[in-house]
Amino acid sequence: MLFTLTTETTYDEEIKKSRFQAIAASVENEQQVKVFLEQHLDISTTHQCWAWKIGHNVRFNDDGEPSGTAGRPILATIEGNDLINTIVLVNRWYGGIKLGTGGLVRAYGGCAGQCLLLAEKIELIEKKEIYFACQFSEWAIFQYELNQQNIEYTEEYTVDGVKVQARLQLDQIEVLALKIQDVTRGREQLKIKDEDYD
């Protein structure tokens, strides 16, 4: 079971005169990561280390700390909490006492971990992006079906009919696929875009 965060959460602590601040949030794509990092850019910090996981993709950054002492431990806390579509940024204001590599790993990983303990989590339901086409006369049937199941969708009217894109939970895909085949008498198929997570 995978989870994501419902709200942005912050946690502060002091370790050997260095101040650490972790900020955790939910992100769905790299554009949101970029916006998050820009919003939290703080030139007063000594280091701004971060890690994120979106779907199966992960990235992390030690921002000048010794390699493997900041970004990786932050990522390990994200994965250890079964989180996905999540970013954690840990700011450090250096206080004059060196922590050593083990101390840095514990400080960055521990601060990120405390922040994620405080964060409110929600189960992430996997969704897939699908699309299909239908004739104008068939659209009312599909529109009713999509609305009944609270499925978010967009429709585009063309010369030939309606092109529909929607985001479905995995258990909704087969039902809609059969409905499309049935209503269009096999003329149209439900197609899935290869996107992993909502």
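As a starting point, this report considers the structure included with it.

## What to know about the sheet that holds strand 5 (residues 57-61)
The 5 strands are arranged 2-3-6-4-5 in an open sheet whose pairing can be described as antiparallel. Lying at the two open borders of the sheet, with one neighbouring strand each, are strand 2 (9-15) and strand 5. Averaged over all neighbouring strand pairs, the angle between strand axes comes to 10 degrees, with direction disregarded. Pairing geometry for strand 3 (residues 18-26) and strand 6 (residues 86-93), over 8 bridges, is antiparallel. Paired with Ala22 across the two strands is Val90, which belongs to strand 6. Helix 2 (residues 71-80) rests against strand 4 (47-54), strand 5 and strand 6 of the sheet, and its axis sits at about 35 degrees to strand 4. Where helix 3 (residues 100-118) meets the sheet, it contacts strand 2, strand 3, strand 4 and strand 6, and its direction lies at approximately 145 degrees from that of strand 2.

## Focus on unusual backbone geometry
With phi around 45 degrees, Lys16 is a residue other than glycine that occupies positive phi space. The exposure class assigned to Lys16 is exposed, which follows from its relative accessible area of 52%.

## Remarks on the packing of helix 2 against helix 3
Relative orientation of the contacting elements helix 2 and helix 3 amounts to 30 degrees, with a least axis distance of 8 Å. The orientation of helix 2 relative to helix 3 falls into the category roughly parallel. Our pair here, helix 2 against helix 3, has a crossing hand that is right-handed. Across the interface between the two elements, Pro73, Ile74, Thr77 and Ile78 of helix 2 pack against Val105, Tyr108, Gly109, Ala112, Gly113 and Leu116 of helix 3. Residue composition of the contact of helix 2 with helix 3, grouped by class: 7 nonpolar, 3 polar and no charged.

## A word on the pairing of strand 8 (residues 127-134)
Strand residues, when the strand is regular, have side chains that alternate between the two faces of the sheet. With 6 of 8 residues buried, strand 8 lies mostly within the body of the structure. Sheet topology note: the strand 8/strand 11 (residues 191-192) ladder contains 2 bridges and is antiparallel. The residue of strand 11 that forms the bridge with Ile130 is Ile192.

Calculation criteria
- Residues numbered from 1 in each chain as written.
- Predicted model: local features only at pLDDT ≥ 70, side-chain atom pairs only at ≥ 80, totals over all residues.
- Heavy atoms only, no water.
- Pairing = 2+ DSSP bridges.
- Helix = DSSP H or I, 4+ residues; strand = E, 2+ residues; numbered from the N terminus.
- Axes fitted to C-alpha atoms, helices over the stretch in contact; angles between N-to-C directions.
- Contact = heavy atoms within 4.5 Å.
- Buried < 20%, exposed > 50% of the residue type's maximum accessible area, 1.4 Å probe, protein only.
- Parallel < 35°, antiparallel > 145°, perpendicular 65-115°, else oblique.
- Left-handed = near helix turned anticlockwise from the far one by under 90°.
- Nonpolar A, V, L, I, M, F, W, Y, C, P; charged D, E, K, R; others polar.

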